[in-house]
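As a plain string of letters, each chain reads:
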Amino acid sequence: MDLHCLGGSQEVGKSCFLLDTGELRIVMDCGMKVHDHNEGPVIPGKVDVGIITHAHLDHSGCAPLLYKRNAPKTFCTYPTRPIMDLLLADSEKIARAENKQLPYASQNVKQLDKHLACLGYDEDYEFKDGSNFRFLDAGHVPGSAQILFKKGKRKVLYTGDFNTGYTRLHHPAKPVKADVLIIESTYAQRDHEPRKDVEKAFAREVEKALGDGLTVLVPAFAVGRTQEVLEVLRAHTKAPVFVNGMGKKVCDIIMDYPSYIKSPENFAETMRNVTIIQGKSDEKKAFREPSVIVSTAGMLDGGPMLSYLDKCNQKNSAVVLLTGYQVEGTNGYSLVNEGRVRSEGIEKVIQLPVKHFDFSAHSGRIELFNYVDAVNPEKVVCVHGDACKDFAEELKNEGYDAFAPAVGDKIKL
Ligand SMILES: [Zn+2]
Ligand SMILES: [Zn+2]
């Protein structure tokens, strides 16, 4: 078996790995480099099967590219399908607004839709050559999966993005034994603060701001983070909570697939206790008294949150609690580092206090090392992130046959 690393290798963005068994050419993930440009992977030759681990665009954003040459069957989990539809449509809209050319045609999106098949966790799908694969819960975002591929006795485990740490929304990812482990390395050089401590610190800031009569602005990614933060808020505060942005639709999708989250009962209760902003009157209500507003965009590049930031900045009437990593080049990054954002081409200085909380959906350093030990593979391929090389080096020192391939590299598995 060969593994061609077509993207997401020593980088975050355009994750794409071609597993060539000699009989089958399987593409695992087909993502896009989102923040700087709409770059996709270059896929050499024909594809027999596509498998998408989760809906984040760095893993699914170029899935339509699989249909440039032929029409493979592509698999994802049940919730990934509608979430991916939502994100692909949004990505197309942003590309149009920014005058950027997507690397695929709209025809390819229709073909993807036609050939997309859903599979639940822990269900085997057998290919014609006798090899098979199954999705395993990755604990990262709703519907996220790891891929366990088996050919004869040989097992290949690709983690996609995964989290073995505690969250309110998801069961943690669990390791299985495999001969080859392709593992994300995003936080290989950083431990996360214990989640319970992060929650407490976050809740303290919320209570303090509300006590001061302020609005609490919580920019949050639509997929997973919005819902996690809503659960955290319900557990820690009685404050009125409002939700807006694309996260609303993702909340609906999660309600449609309750078996994909840890506690559908808790989530349903959470949703009963929040106000979904449907229009101007809900917005007015949100600003009438001290309240918490959770909305996209998580990195403040557009969405209702950017206009709330502007509105509150003029009156100095809010605190901003960031809940995710802010990528360089985004408004979130410039807010944290320079105290300014760009909105509709105009640069604005933001006076509001800004705090950051690590609600990461990725395994931290210690969890990554523990995972490798539990899977106990013969070969480890470290992908996804800036820390791949260091991670592989450290694993080598522990006696593992570990690599950090570059984009374009081919590895014998
Ligand atoms: Zn992800
Ligand atoms: Zn990713």
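For the structure itself, consult the block above.
Predicted model, so just to flag it, every value in this text is computed and none were measured.

A. A look at the nonpolar core. Counting 62 residues, the largest nonpolar core has F202, V216, V292 and V294 as its most contacted members. Per-element accounting of this core gives the leading share, six residues, to helix 2 (residues 80–97). Both domain 1 (2–190 + 361–412) and domain 2 (195–356) contribute no fewer than three residues apiece to this core. In this structure, C5, V49, L119 and V156 belong to the second largest nonpolar core, which totals 28 residues.

B. Structural context of the packing of aromatic side chains. Applying the stated rule across the entire model yields 14 aromatic pairs. Here F202 and F357 contribute two aromatic rings whose centre-to-centre distance is 5.3 Å and whose plane-to-plane angle is 80 degrees, an arrangement assigned as edge-to-face. Note that F202 is positioned in helix 4 (residues 195–211) and F357 in the loop between strand 19 (354–356) and helix 11 (365–375), a separation of 155 residues in sequence. One exposure class covers both F202 and F357, and it is buried. Taking the centre distance of 5.5 Å and the plane angle of 70 degrees together, the rings of F287 and Y308 count as edge-to-face. Of this pair, F287 sits in helix 8 (residues 280–288) while Y308 sits in helix 9 (residues 303–315); the two residues are 21 residues apart in sequence, bridging distant segments of the chain. On the accessibility criterion, F287 (22% relative accessible area) is partly exposed. The structure contains a cluster of three or more aromatic residues connected by ring pairs, namely F75, Y125, F127, F133 and F135. In this structure, K196 is placed above the aromatic ring of Y166, and the distance from its NZ or CZ to the ring centre is 4.5 Å.

C. Region of the structure containing the sheet that holds strand 4 (residues 49–51). Spatial strand order, 6-5-4-3-2-1-22: seven strands in an open sheet with mixed pairing. Across the chains shown, the open sheet's two edge strands, defined by having one partner strand only, are strand 6 (116–118) and strand 22 (410–412). Taking the axes of each pair of neighbouring strands and ignoring which way they run, one obtains an average angle of 25 degrees across the sheet. Pairing geometry for strand 1 (residues 2–7) and strand 22, over three bridges, is antiparallel. Looking at strand 22, one finds that L3 is bridged to I411.

Cut-offs and rules
Residues numbered from 1 in each chain as written. Chains lettered and ligands numbered in written order. Predicted model: local features only at pLDDT ≥ 70, side-chain atom pairs only at ≥ 80, totals over all residues. Heavy atoms only, no water. Core = buried A, V, L, I, M, F, W, Y, C linked by side-chain atoms within 4.5 Å. Buried < 20%, exposed > 50% of the residue type's maximum accessible area, 1.4 Å probe, protein only. Helix = DSSP H or I, 4+ residues; strand = E, 2+ residues; numbered from the N terminus. Domains from an automatic or database assignment. Phe/Tyr/Trp six-rings, centres within 6.5 Å; stacked < 30°, edge-to-face > 60°. Lys NZ or Arg CZ within 6 Å of the ring centre and 35° of its normal. Pairing = 2+ DSSP bridges. Axes fitted to C-alpha atoms, helices over the stretch in contact; angles between N-to-C directions.

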